[in-house]
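Spelled out, the chains give:
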Amino acid sequence: MITNKQLSKKLVEFEKIIQKKYVRKSKRESKKKRRNWKTYEEEYMTHVKTAMQELEPLLKEASSIKRFSKRGKKFQLSIKQKITILLIKHLMRKNNRPMAGMLCLFSLLSGVNIGYKTIERLYSDDEVEMALHNLHILLLNKKNVKKIDSTGDATGYGLTIRKHYATEMQKLKEKGKKNDGRKKKKHFVFSFMLMDLKTKMYVCYGTSFKSEKEAFDRAMRMLEKIDVKVESVRLDKYYSCRVYVDRFSNSNVYVIPKSNATIRGSQNWKRLVQKFIDDTMNFLKEYYQRENSESGIARDKKMFGWKVGQKREDRVDKAIFATTIWHNLLLL
């Protein structure tokens, strides 16, 4: 039987002793596992070649969507061409006009010659959205992602080159977060990704102009629609509340309780607190696998940039979905 006194004592001990001890131990272990950059580059190129070989048949299958006749002018691109253009544009980090120019230059080979407005509208096209969703499910099925041990984390993408998310968030922390919340809505979009630890693939995602919580909620709604069961999940301190733990009622949840936490709550919350008190070091070993989420997001931003070149909410969402697709493609 655990008590609030035991939890408070363990949290004080964690802050003063255990966390520092675990960090020192982790640093020693990481020094022994230094990355071999030659091997890393070779593995990366292998992943890229595999992704390119697998992309064509996957796009063909994902684009198998039945069209219903509509009034008005017919779109000159097929669904497969639409999704291919959007993904290539995203990989090359081109804006709408330069991408339209490139298509014009290569129109003799590809037979595709369209304007920048057509490319922009791909981000709000219903058929593209369905095809991206199909492609996402096909990628998960290809790696047999069904029952997962997961980790989740949120980040922000800039909507303007004048504001960098990490820099601005640090300024807000230093100022005690007294700035007007509308600034974040204007300059940034929040994104939450849930990753499978075994394959390092993203299982679901969510975006929001409003808050990290709303991005998380949208990711959970996406998770409900796909055939994936979460066996365990690791989340940062932002989610160390009973309400978030209860969202994963049938899973093992690893979060660090806040300093004012109590044992009051559901059985899932009580189990979490019991593990944290009884076997803290092994609990931390599970919890700190969260670094996979952090490194995955950092790798995505290095490859695709920290800025989203769209402004409308639905188009920003598709741009981040394209990042999710490429992340998974490169892990085939």
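Relevant structure appears above.
This section reports on the structure supplied with the text. Being a predicted model, the structure only gives us computed values, none of them experimental. (Residues numbered from 1 in each chain as written. Predicted model: local features only at pLDDT ≥ 70, side-chain atom pairs only at ≥ 80, totals over all residues. Heavy atoms only, no water.)

Points about the overall build of the protein
For the protein, the helix and strand inventory stands at 15 helices and 5 strands. Scored against the burial criterion, the 332 residues of the protein give a buried share of 45%. Taking as baseline every contact in the protein between residues at least 6 positions apart, the subset at least 24 positions apart corresponds to 69%. When the accessible surface of the protein is summed, it comes to about 19500 Å², and 51% of that surface belongs to carbon and sulfur atoms. (Helix = DSSP H or I, 4+ residues; strand = E, 2+ residues; numbered from the N terminus. Buried < 20%, exposed > 50% of the residue type's maximum accessible area, 1.4 Å probe, protein only. Contact = heavy atoms within 4.5 Å. Areas by Shrake-Rupley, 256 points an atom, 1.4 Å probe, with all protein chains shown as cover.)

Concerning the side chain of Thr280
Note on placement: Thr280 falls in helix α13 (residues 280-287). Here Thr280 falls in the buried class, since its relative accessible area comes to 7%. For Thr280, the side chain forms a polar contact with the side chain of Lys10, separated by 3.4 Å. (Polar contact = N/O pair within 3.5 Å; in protein donor to acceptor, adjacent residues only side chain to side chain.)

Focus on unusual backbone geometry
Despite not being glycine, Asn144 shows a phi value in the positive range, around 55 degrees. Summarising the element assignment, Asn144 is placed in the loop between α7 (126-142) and β1 (147-158). Accessibility expressed as a relative area gives 56% for Asn144, which makes it exposed. Positive phi outside glycine occurs at Lys200, with the angle close to 65 degrees. Along the chain, the position of Lys200 falls in the loop between β2 (188-196) and β3 (202-208).

Regarding the packing of α7 against helix α15 (residues 313-329)
α15 packs onto α7 with a crossing angle of 25 degrees between their chain directions and a minimal axis gap of 10 Å. When the interaxial angle is binned, α7 and α15 end up roughly parallel. Seen from above, α7 lies across α15 with left-handed handedness. Judged by residue contacts, Glu129, Leu132, His133, Leu135, His136, Leu139 and Leu140 of α7 engage Lys318, Phe321, Thr324, Ile325, Asn328 and Leu329 from α15. (Axes fitted to C-alpha atoms, helices over the stretch in contact; angles between N-to-C directions. Parallel < 35°, antiparallel > 145°, perpendicular 65-115°, else oblique. Left-handed = near helix turned anticlockwise from the far one by under 90°.)

A short note on the packing of aromatic side chains
For the coordinates displayed, the defined rule picks out 12 aromatic pairs. Ring centres 5.7 Å apart and planes at 70 degrees place the aromatic pair Phe192 and Tyr239 in the edge-to-face group. With Phe192 in strand β2 and Tyr239 in the loop between β4 (229-234) and α11 (242-245), this pair connects stretches of sequence that are 47 residues apart. Grouping residues by exposure puts Phe192 and Tyr239 together as buried. Among the aromatic residues, those joined into a ring-pair cluster are Phe192, Phe216, Tyr238, Tyr239, Tyr244 and Phe248. Positioned over the ring face of Tyr157 is Lys301, at 5.1 Å from the centre of the ring. (Phe/Tyr/Trp six-rings, centres within 6.5 Å; stacked < 30°, edge-to-face > 60°. Lys NZ or Arg CZ within 6 Å of the ring centre and 35° of its normal.)

So far we have only geometry, and geometry alone does not tell us how the molecule works.
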